[in-house]
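For reference, the chains in residue letters:
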Amino acid sequence: MKFGLKRTLALAALMSGAAGVAHATEGWYVRADVGQSIDAQLSILNLDNGFIGDVGAGYSWDNGFRLEGELSYRKNQFNLDTEGNFNNNFSNNISGDVIAWGLLANIFYDFNRSGTIRPYLGAGVGGGDVRVGIDGSGHDSERGLAYQGLAGVGIALSDQATLDIGYRYFVVRDVFNDDYTNQGVTVGLRYMFAAPPP
């Protein structure tokens, strides 16, 4: 699935047309994001830019901290030129895809909590499952420790809705004799169930 970087940024611009609204700062929230990986690597595979999607739910405090659980999905295609390798027993080109699932606990700190524009930093840790599929030959998967670093900005759209534009650096350790890494940009919505103070 292809989700262009220009489309991600255009969606963010379209959704950010509201400003100067009150915003809830403490309570339970849910969120969802989509985006594109701009640099993904696994061993010798040259991974193309691909799709990122994630959902999360958690609790936000007035002091700026947020704690949440997140489920994420990433998919990247690849083409591997094997000419001169494997004693020429295989075709010169192997294509397929790499799919990575992540289940992580994230902690964030939001700056400027009372303002419309709120930058944030975050980190997460949990587990990851990486599946390598080769066209016409099935697939194999391995699991490992996953962690990520996050940074971005939240823009208040209404009393309880926030546009989220972010960057993510995601890693799954020790899968297929290497670390799987994925950098990406995302845009999404975060919804607070608590009403803002009167």
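Up top you'll find the structure we're talking about.
The rules behind the values
- Residues numbered from 1 in each chain as written.
- Predicted model: local features only at pLDDT ≥ 70, side-chain atom pairs only at ≥ 80, totals over all residues.
- Heavy atoms only, no water.
- Helix = DSSP H or I, 4+ residues; strand = E, 2+ residues; numbered from the N terminus.
- Buried < 20%, exposed > 50% of the residue type's maximum accessible area, 1.4 Å probe, protein only.
- Polar contact = N/O pair within 3.5 Å; in protein donor to acceptor, adjacent residues only side chain to side chain.
- Contact = heavy atoms within 4.5 Å.
- Core = buried A, V, L, I, M, F, W, Y, C linked by side-chain atoms within 4.5 Å.
- Pairing = 2+ DSSP bridges.
- Phe/Tyr/Trp six-rings, centres within 6.5 Å; stacked < 30°, edge-to-face > 60°.

Q: Explain the side chain of Asp33 here, please?
A: By the element assignment, Asp33 lies in strand 1 (residues 27-42). Here Asp33 falls in the buried class, since its relative accessible area comes to 6%. Within the structure, Asp33 has its side chain in polar contact with the side chain of Arg31 (distance 2.5 Å). Those residues in contact with Asp33 that sit more than four places away from it in its chain are Ile52, Gly53, Asp54, Asp164, Arg168, Thr186, Val187 and Gly188.

Q: What's the story with the nonpolar core in this structure? I'm lost.
A: Here is a general trend for soluble globular proteins: nonpolar side chains tend to be buried in one another's company. Formed by 18 residues in total, the largest nonpolar core has its most connected members in Leu42, Leu45, Leu47, Phe78, Val98, Val130 and Tyr180. Of all elements in the fold, only strand 1, strand 4 (65-81), strand 5 (93-110), strand 6 (117-134) and strand 8 (161-175) reach the threshold of two or more residues within this core. Ranked by residues supplied to this core, first place goes to strand 5 with 4 residues. Residues contacting Leu47, with those up to four places away along its chain left out, are Ala40, Gln41, Leu42, Asn76, Gln77, Phe78, Val98 and Tyr180.

Q: Before we go on, may I ask you to explain the pairing of strand 5 in this structure?
A: Side-chain positions along a regular strand alternate between the two faces of the sheet. With 15 bridges connecting them, strand 5 and strand 6 associate as antiparallel partners. Note that in strand 6 the partner of Asp97 across the bridge is Gly133.

Q: How should the environment of Gln77 be read in this particular structure?
A: Within the secondary structure, Gln77 sits in strand 4. When its relative accessible area of 46% is taken as the criterion, Gln77 is described as partly exposed. Setting aside its immediate chain neighbours within four residues, Gln77 contacts Asn46, Leu47, Asp48, Gly96 and Asp97.

Q: Explain the packing of aromatic side chains here, please?
A: The way to describe two aromatic rings as a pair is by their centre distance and the angle between their planes. In the structure shown here, the tally under the stated rule is 9 aromatic pairs. Ring centres of Phe51 and Tyr73 lie 6.3 Å apart, and the angle between their planes is 55°; this geometry places the pair in the tilted category. Of this pair, Phe51 sits in strand 3 (residues 50-60) while Tyr73 sits in strand 4, placing them 22 residues apart in sequence. Judged by relative accessible area, Phe51 falls into the buried class, the value being 12%. Accessibility expressed as a relative area gives 22% for Tyr73, which makes it partly exposed.

Q: What is the right way to look at the environment of Asn49 in this model?
A: Relative to the helices and strands, Asn49 is located in the loop between strand 2 (45-46) and strand 3. When neighbours within four sequence positions are excluded, Asn49 is seen to be in contact with Gln36, Ser37, Ile38, Asp39 and Asn76.

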